[in-house]
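Residue strings, one per chain:
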Amino acid sequence: MASTAFLAPLVGSPLVRKVADAVLVRYAHHRTVALDSLDAGRVQHATLMSLVRRARNTRFGRDHDFSRISSVADYQARVPVREYEFFWNTYWKDVYPRLDNVTWPGKVPYYALSSGTTSGATKYIPVTWEMVASNKKTAFTTIALFRHAHPEAKLFNGKFFFLGGSTELRPQPDGSLAGDLSGISARELLDVLRPYVFPPFEYTKISDWKEKMDRFAELAVREPITAISGIPAWMQRLFERVKQVSGKKTLSEVWPELRLVVHGGTKFDPYRDMFRQEMGSDRVRFCEVYPASEGFVATEDPRYGHMRVVPDHDVFFEFVPVEDLGKDRPARHTLANVEVGVEYAVVVTSCAGLWSYLIGDTVAFERRTPPLIRFTGRTKYFLSAFGEHLISEEVEKAVTFACRETGVFPLDFHVGPVFPTDPSKPGYHRYLIEFADRVPDLNVFAQKIDEELSRINEDYAPHRVGDLAMLMPEVVPVKRGGFDEWMRATRPSLDIQAKVPRMDNSGKITQHLTTWLTEHGYAG
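Residue indices follow the written sequence of each chain, beginning from 1 at its first position. Owing to the predicted nature of the model, reporting of local features is limited to residues with pLDDT of at least 70; listing and counting of side-chain atom pairs is limited to 80 or more, with chain, interface and lining totals taken over all residues. Just so you know, side-chain values use all the structure's heavy atoms and leave hydrogens and water out.

J.: With reference to specific residues and values, describe the overall build of the protein.
T.: Each helix and strand counted, the protein has 17 helices and 20 strands in total. Radius of gyration: C-alpha atoms only; globule rule: 2.2 Å multiplied by the number of residues to the exponent 0.38. A globule of 524 residues ought to have a C-alpha radius of gyration of about 24 Å, and the protein, at 23 Å, matches this closely. Each principal axis of the C-alpha distribution contributes one length, and for the protein these read about 70 × 60 × 45 Å. Think of it in three bands: residues with accessible area under 20% of the maximum for their type are buried, residues over 50% are exposed, and the middle band is partly exposed, with areas taken using a 1.4 Å probe on protein chains only. The buried share among the 524 residues of the protein stands at 56%. Sequence separation of 24 or more characterises 69% of the internal contacts of the protein that already satisfy a separation of 6 or more. Only carbon and sulfur atoms are counted for the fraction: they give 52% of the accessible area of the protein, which is about 22000 Å². For the purpose of charge, His is not counted, nor are the chain termini; Lys and Arg are scored as positive and Asp and Glu as negative. Taken as the charge centre is NZ of Lys, CZ of Arg, CG of Asp or CD of Glu, depending on the residue. Side chains of the protein give 66 positive and 66 negative charges; the mean places of these two sets differ by 5 Å. Helix numbers and strand numbers start at the N terminus; a helix is a DSSP run of H or I with at least 4 residues, a strand a run of E with at least 2. Contacts were defined at the residue level, with two residues in contact if any of their heavy atoms lie within 4.5 Å. Method for areas: the Shrake-Rupley scheme with a 1.4 Å probe, in which residue coverage is limited to the protein chains shown.

This is how it looks when you write it as structure tokens:
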């Protein structure tokens, strides 16, 4: 593709910015109307048939008789639900990094390194040129839905701050590149759009997150930022640094034209109140996105206040009831027949050569038309060490409740079981929490968590009666920077987008975290 860098000075002019914003609003209305008119079930069927047709001569396509597939039922009969390990061990490991006509036609140019897994092991997720195009389409869909709902919230009169991973990707022996998905996206940004984006490309190559935060904050306070996106925990750290550099108390004072905060990668509920306070203006709106390394799943539709599954970007979705996970033949629903209120594991088939791939996330539908979802957690993020059967969504709600009741804000947290050493005493949950400002009364905070979990989970409450099966939760405060230092010390290869494991049913990560934080002076 020819470079468009020569156009950058022109497109960055005030007049062109004004025209570009007007064009964006027109596109937003057109895209939203088109999306509203789609029959999601039919579009998804057509998407699957297109993917199967294009991959029929790959090794995977031949192994699974793709040439005889003409319906969703045919496909599901031939392709079971599988996880990463199957694809890696059966199709990718022996030929990596040169995946050429293996599970998708042609050579794979990029690999997204996934660091958000519960096991901690790095995954190499193929990112094809078709997937690059798919991600661009969903990014524009996110902006379209926002501008359709808020046409007055101009974005092109300033810059969109992408707080993402490093674009300094690792060269592979075959010429492909591996790194953070957000870094791949930043590399693929058209030159003509760079005047509308922060940070400058040369700064996106910084891999050390501490250096990156400092440099970004120093530069950003002088820029007209209109939107920002990133993982909530990392945005919060950036906001603190920006306020320190600028001497301002709120982000709206630093960036008066800021209108949009795009967040994803983790539940936003524990951060919402804190972010509202940080913004200092009700003109700033929040938008949740769901961009998995395996394919973009959903983006918030402001008209409904929920994330909306995007059905027309070369990704086919299946939804397996959580209770069916592990079965030889689990029920497999599509957007045509999902049920509202049921918790599903998300399964994707994509233009990157993933076929009925269990991505490890769980969601529940709020509505079928349009397909609106809420993120509920991870398939491996749960607490049931003592039979309490807690899912991550419930724990997030309880921590959020406790924070509101005690008037504090969390930066990050982890929870896991502590098993008894004395057989006559029950175990309990340990919450390691890094607070944004002050540490609350820990006994009261623990009581509020316990109170909310007892209210929302019918299995938890009986286990707490009389302290017979499980003791009151323990809350251990983590000093500022503790989780960051733990990740730097134990996961040095991870970038800015790395996340603290929220839950650990085995107790091993919890014990390791507690020991490390205590030994290094961050616990208590």
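So that's the structure; there's more coming.
J.: Tell me about the sheet that holds strand β7 (residues 225-230), and name the residues and values.
T.: At least two DSSP bridges between two strands are needed for those strands to be called paired. One open sheet accounts for 11 strands, arranged β6-β3-β7-β8-β9-β10-β11-β15-β14-β13-β12; its pairing is mixed. The strands lining the two open edges of the sheet, one partner per strand, are β6 (197-198) and β12 (315-321). Alignment of strand β13 (residues 343-350) against strand β14 (residues 357-367), held across five bridges, turns out to be antiparallel. By the bridge assignment, V348 is partnered in β14 with Y357.

J.: I'd like a description of the nonpolar core, backed by residues and values.
T.: F66, W92, Y290, F319, W355 and I373 are the most contacted members of the largest nonpolar core, which totals 60 residues. Within this scheme, the nonpolar core is defined by two criteria: the residues are buried Ala, Val, Leu, Ile, Met, Phe, Trp, Tyr or Cys, and they are joined through side-chain atoms within 4.5 Å. Judged by nonpolar contacts, the second largest core, of 45 residues, contains Y203, A220, M274 and L517.

J.: So what's going on with the pairing of strand β3 (residues 159-162)? Residues and values would help.
T.: By the bridge criterion, four bridges tie β3 to β7 in an arrangement that is parallel. Note that in β7 the partner of F162 across the bridge is S229. Across two bridges, the pairing between β3 and β6 is parallel. What sits directly across from F161, in β6, is F198.

J.: Break down helix α7 (residues 129-149) for me, with residues and values.
T.: Here α7 is 21 residues long and its end C-alpha atoms lie 31 Å apart, about the 30 Å a rise of 1.5 Å per residue gives. Along α7, the positions that sit buried rather than exposed are M131, V132, S134, N135, T138, T141, T142, I143, A144, L145, F146 and R147. Here, expected helix span is obtained from the residue count minus one, scaled by 1.5 Å.

J.: Could you give me a rundown of the packing of helix α10 (residues 232-246) against helix α12 (residues 269-279), with the residues and numbers involved?
T.: Axis definition: a line fit to C-alpha positions, over the contact stretch in the case of helices; interaxial angles, taken between N-to-C directions, run 0 to 180 degrees. It is the contact of α10 with α12, at a shortest axis distance of 11 Å, that shows an interaxial angle of 25 degrees. By the angle between their directions, the pair α10 and α12 is classed as roughly parallel. At the point where α10 passes α12, the crossing takes the left-handed sense. For the pair α10 and α12, the contacting residues are P232, A233, M235, Q236, F239 and K243 in the first and Y271, M274, F275, E278 and M279 in the second. Charged means Asp, Glu, Lys or Arg here, nonpolar means Ala, Val, Leu, Ile, Met, Phe, Trp, Tyr, Cys or Pro, and polar covers whatever is left, Gly included. Grouping the amino acids of the contact of α10 with α12 by side-chain chemistry returns eight nonpolar, one polar and two charged. Roughly parallel covers angles under 35 degrees, roughly antiparallel covers those over 145, roughly perpendicular covers 65 to 115, and oblique covers all other angles. Here a crossing is taken to be left-handed if its near helix is turned anticlockwise relative to the far helix by less than a right angle, and right-handed if that turn runs clockwise.

J.: Tell me what's going on with the packing of helix α13 (residues 392-406) against helix α14 (residues 442-456), and back it up with residues and numbers.
T.: At a minimum axis distance of 8 Å, the contact between α13 and α14 shows a crossing angle of 135 degrees. Taken together, the axes of α13 and α14 are oblique relative to one another. Crossing handedness for the pair α13 and α14: right-handed. Contacts between α13 and α14 involve E394, V395, K397, A398, V399, F401, A402, C403, E405 and T406 on the former and, on the latter, V444, F445, K448, I449, E451, E452, L453 and I456. Taken together, the residues that form the contact of α13 with α14 break down as 11 nonpolar, one polar and six charged.

J.: Account for the sheet that holds strand β18 (residues 410-418), naming residues and giving values.
T.: The sheet built from three strands is open, its strands ordered β18-β19-β20 with mixed pairing. Two strands bound the open sheet, and with one partner strand each, they are β18 and β20 (474-478). If you compare each strand with its neighbour and ignore which way they point, the axes differ by 20 degrees on average. Direction of pairing for β18 relative to strand β19 (residues 428-435): antiparallel, over a ladder of eight bridges.

J.: Account for helix α16 (residues 482-490), with residues named and values stated.
T.: The set of residues buried in α16 consists of G482, F483, D484, W486 and M487. Contact partners of the buried residues in α16: α9 (209-220), α10, β18, β19, β20 and α17 (508-519).

J.: So what's going on with the side chain of S293? Residues and values would help.
T.: Residue placement: S293 occurs in the loop between β9 (285-292) and β10 (295-301). Look at S293 and you get buried, because its relative accessible area is 19%. What S293 contacts, discounting residues up to four positions off in sequence, is A112, S114, I125 and L181.

J.: Before we move on, can you summarise the pattern of salt bridges with the specific residues and values?
T.: Salt bridge criterion: a side-chain nitrogen from Lys or Arg within 4 Å of a carboxyl oxygen from Asp or Glu. Inspection of the entire model under this criterion finds 40 salt bridges. Note that R303 and D36 form a salt bridge whose closest N and O atoms lie 2.8 Å from each other. Highlighted residues: R303 in the loop between β10 and β11 (306-309) and D36 in helix α2 (residues 14-37), separated in sequence by 267 residues. One network of salt bridges, with partners in common, ties together R237, E240, E434, R480 and D484.

J.: Quick one: what's the story with the packing of aromatic side chains, residue by residue and with numbers?
T.: For Phe, Tyr and Trp, rings pair up if their centres lie within 6.5 Å, where Trp contributes its six-membered ring, and each pair is then called stacked (planes under 30 degrees apart), edge-to-face (over 60) or tilted (otherwise). Inspection of every chain in the model, using the stated rule, returns 39 aromatic pairs. Ring geometry for Y344 and F365: centres 6.1 Å apart, planes at 80 degrees, overall edge-to-face. Here Y344, found in strand β13, pairs with F365, found in strand β14; they are 21 residues apart in sequence, far enough to count as distant. As far as the burial class goes, Y344 and F365 line up, both buried. By definition here, charges over rings are those cases where NZ of Lys or CZ of Arg is within 6 Å of the ring centre and within 35 degrees of the ring normal. One Lys or Arg, R502, reaches over the ring of F413 and ends 4.1 Å from the middle of that ring.

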